[in-house]
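Chain residues, written in single-letter form:
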Amino acid sequence: MLQYDVIVVGGGISGVMSAITAARNGAKTLLIEKYGFLGGMLTAAGVGPMMTFHVADRQVIKGSVGELIDRLEEKKKSPGHVTDTIGYTYTVTPFDAEAMKHELELMLIENGAEILYHTMLSAVKISNGTIESLTISNKAGLSEVSAKVYIDATGDGDLSAWAGVEFTKGRISDGACQPMTMNMKISNVDIEAVKAYVKENPDEFPYLKGNTDMVDKASRLSVSGYELTVKQGKEDGSLDFDSEGILFFETNNLGEVIVNTTRIRGFDSTDPWELSKAEIEGRRQVRNLEKFLKEKVRGFEHSILISTGPGIGVRGSRQIKGLYTLTLEDITSCRKFDDVVAHAGYPVDVHSPDGKGEVVKDEDNITYGSMYSVPYGCLINNQIDNLITVGRCISATFEAQGAIRTTPIAGAVAQAGGAAAFLAVKYGQKTKNINIHEMQQILLNEGAYLNI
């Protein structure tokens, strides 16, 4: 049986940032990933841009995830942090997805971590509140691997759930989760024509509040609106799924956009049968939307659909029950924590599971310039002593998760998970007993922003 200090399950932004920090500090680290590339939702579900690294004009997400953007920008594979021309948040960070895959891989290898691709978690062996080993499956069949500390970066909390960690799922009242989205990458979009339409039709773009000149304030365009166009499409049947508007973001590559508009409701991403049905419905909606964009949206007349996914985008599913559960009040009141691991300023962004009403009203959301925090207690639990959970499935309420599920903060939180795993290995401690100040010092040494 192969043995490691730290095993990370999942190669999304959270898994990679955890593995980098664990390996960089000296832990023998293995990252297991089901695809043949890294990046998770950013590269396997077409999610982009990353948003947001900032609180007003201050960059508060730095560290390894900040280093990633610096490296991409140096190679001209990202324009860096640009103004959000929608006006929803402070900045967005476009990137080239293929470059993202490679850069994450380079960062892992440079820091000494091992990567095992095309491999999935199949079973977890538990003894006396400790994970002893994992059964994994790949082209070689079933095998076992073992570590002193494990990091769950599966997104859906698979490792945590299978190990017996308590969790919630979706909305408290009925367990319904936020809708999934099949993202579309479309090229040959006439961006200048889009900008002209926005300026000529301010009523279509309420987020801008009449300030349509926003579209000229960034090197890459972000657009949310077309509400009247969508309403007409639903009335005449040319748009055959429920959506409030059209949302798209220009990538690093000029004239190429990611369209985040399909809405696949009523499915559970932790159920393989439902997930399969969601993929099928997502592709059906994509074909309808592709035609609608070409026929109804100026600038898309000659556009070309490059890709979908390749997998459906999942906003939320399981949330572990950690030593601390982050709440909406913690977010909106900007509560400070002694065991803080990351800060952020992205609004509480919860998509209604049934499409009815706002989950969190604007007046109940964070105010401009507000900075909230995530504590280490959200990453650890009372059931398993050698497990750390990172990513969108950490301990948070349904509403609070809507703020912390985005990739920059997930990456920042996960860097702390890697530091904590290293310390637990170094001192032979339970993950809930590590020295918080020593963990925070590792993060500061690696360029993270903690405001302590």
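What counts as what
- Residues numbered from 1 in each chain as written.
- Predicted model: local features only at pLDDT ≥ 70, side-chain atom pairs only at ≥ 80, totals over all residues.
- Heavy atoms only, no water.
- Core = buried A, V, L, I, M, F, W, Y, C linked by side-chain atoms within 4.5 Å.
- Buried < 20%, exposed > 50% of the residue type's maximum accessible area, 1.4 Å probe, protein only.
- Helix = DSSP H or I, 4+ residues; strand = E, 2+ residues; numbered from the N terminus.
- Contact = heavy atoms within 4.5 Å.
- Pairing = 2+ DSSP bridges.
- Axes fitted to C-alpha atoms, helices over the stretch in contact; angles between N-to-C directions.
- Parallel < 35°, antiparallel > 145°, perpendicular 65-115°, else oblique.
- Left-handed = near helix turned anticlockwise from the far one by under 90°.
- Nonpolar A, V, L, I, M, F, W, Y, C, P; charged D, E, K, R; others polar.
- Expected span 1.5 Å × (residues − 1).
- Polar contact = N/O pair within 3.5 Å; in protein donor to acceptor, adjacent residues only side chain to side chain.
- Salt bridge = Lys/Arg side-chain N within 4 Å of Asp/Glu carboxyl O.

1. Thoughts on the nonpolar core
Across soluble globular proteins, nonpolar side chains have a tendency to be buried as a group. The biggest cluster of nonpolar side chains holds 87 residues, and the ones touching the most others in it are Ile388 and Ile404. Looking at this core, the element that brings in the most residues is helix H11 (residues 407-427), giving 13 residues. Beyond its immediate chain neighbours, meaning those up to four positions away, Ile388 contacts Val149, Tyr150, Ile151, Asp152, Tyr376, Leu379, Ile380, Gly417, Ala420, Ala421 and Thr431.

2. Points about the pairing of strand E1 (residues 2-9)
Most of E1 is tucked away: six of the eight residues are buried. Two elements, E1 and strand E10 (residues 141-152), share seven bridges in a ladder whose sense is parallel. Within E10, the residue paired with Val9 across the bridge is Asp152. Taken together, the four bridges between E1 and strand E2 (residues 29-32) define a ladder with parallel strand orientation. Bridge pairing in E2 places Val6 opposite Thr29.

3. Some details on the environment of Ile452
Along the polypeptide, Ile452 turns up in the segment after helix H12 (436-445). Between the C-alpha atom of Ile452 and that of Asp338, which follows or precedes it by 114 residues, the distance is 8.7 Å. Ignoring anything within four residues of it in the chain, the contact list for Ile452 reads Val340, Gln440 and Leu444.

4. As for the packing of helix H3 (residues 63-74) against helix H4 (residues 97-110)
Two quantities define a packed helix pair, namely the angle between the helix axes and the distance between the axes. Viewed as axis vectors pointing N to C, H3 and H4 meet at an angle of 125 degrees, and their least axial separation amounts to 10 Å. When the axis of H3 is compared with that of H4, the two are oblique. Our pair here, H3 against H4, has a crossing hand that is right-handed. Contact residues: Ser64, Glu67, Leu68, Arg71 and Leu72 in H3; Ala99, Met100, Glu103, Leu104, Leu106, Met107 and Glu110 in H4. Class assignment of the residues belonging to the contact of H3 with H4 gives a composition of seven nonpolar, one polar and four charged.

5. As for the environment of Ala416
Within the secondary structure, Ala416 is located in helix H11. For Ala416, a relative accessible area of 0% gives the class buried. Taking the C-alpha atoms as reference points, Ala416 and Tyr4, separated by 412 residues in sequence, lie 19 Å from one another. With residues near it in sequence (within four places) discarded, Ala416 still touches Val341, Met439 and Leu443.

6. What to know about the side chain of Gln285
Here Gln285 lies in helix H8 (residues 272-296). Each residue touching Gln285, except ones within four places of it in the same chain, is listed here: Phe241, Thr262, Arg263 and Ile264.

7. Concerning H8
Along its 25 residues, H8 runs 35 Å from first to last C-alpha, staying within 8% of the 36 Å computed at 1.5 Å per residue. Buried within H8 are the following residues: Ala278, Glu279, Gly282, Gln285, Val286, Asn288, Leu289, Glu290, Phe292 and Leu293. Of the surrounding secondary structure, the elements contacted by the buried residues of H8 are strand E12 (184-187), helix H7 (227-236), strand E14 (246-250), strand E15 (257-259) and strand E16 (304-308). At the N-terminal end of H8, a side-chain oxygen is found 2.9 Å from the backbone nitrogen of Trp273, two or three residues along, and the residue is Asp271.

8. What to know about the pattern of salt bridges
The full count for this structure, using the stated rule, is 28 salt bridges. Put simply, Arg24 and Glu446 hold a salt bridge, and the shortest N to O gap is 3.3 Å. Here Arg24 is found in helix H1 (residues 13-24), whereas its partner Glu446 is found in the segment after H12, with 422 residues between them in sequence. Classification of Glu446 by relative accessible area gives buried; the value is 15%. The partner of Arg287 in a salt bridge is Glu290, with the nearest N and O atoms 3.2 Å apart. Separated by three residues within a single helix, Arg287 and Glu290 lie in helix H8, roughly one turn from each other. Overall, the relative accessible area of 54% leaves Arg287 in the exposed class. Connected through salt bridges with shared partners, the residues Arg24, Glu67, Arg71, Lys75, Glu103, Glu110 and Glu446 form a single ionic network.

9. Observations regarding the side chain of Ser395
Mapping Ser395 onto the fold places it in the loop between strand E20 (387-389) and helix H10 (398-404). There is a polar contact of 2.9 Å between the side chain of Ser395 and the backbone oxygen of Tyr324. Discounting residues that sit within four places of it in the chain, Ser395 has contacts with Ile320, Lys321, Gly322, Tyr324, Thr325, Leu326 and Cys378.

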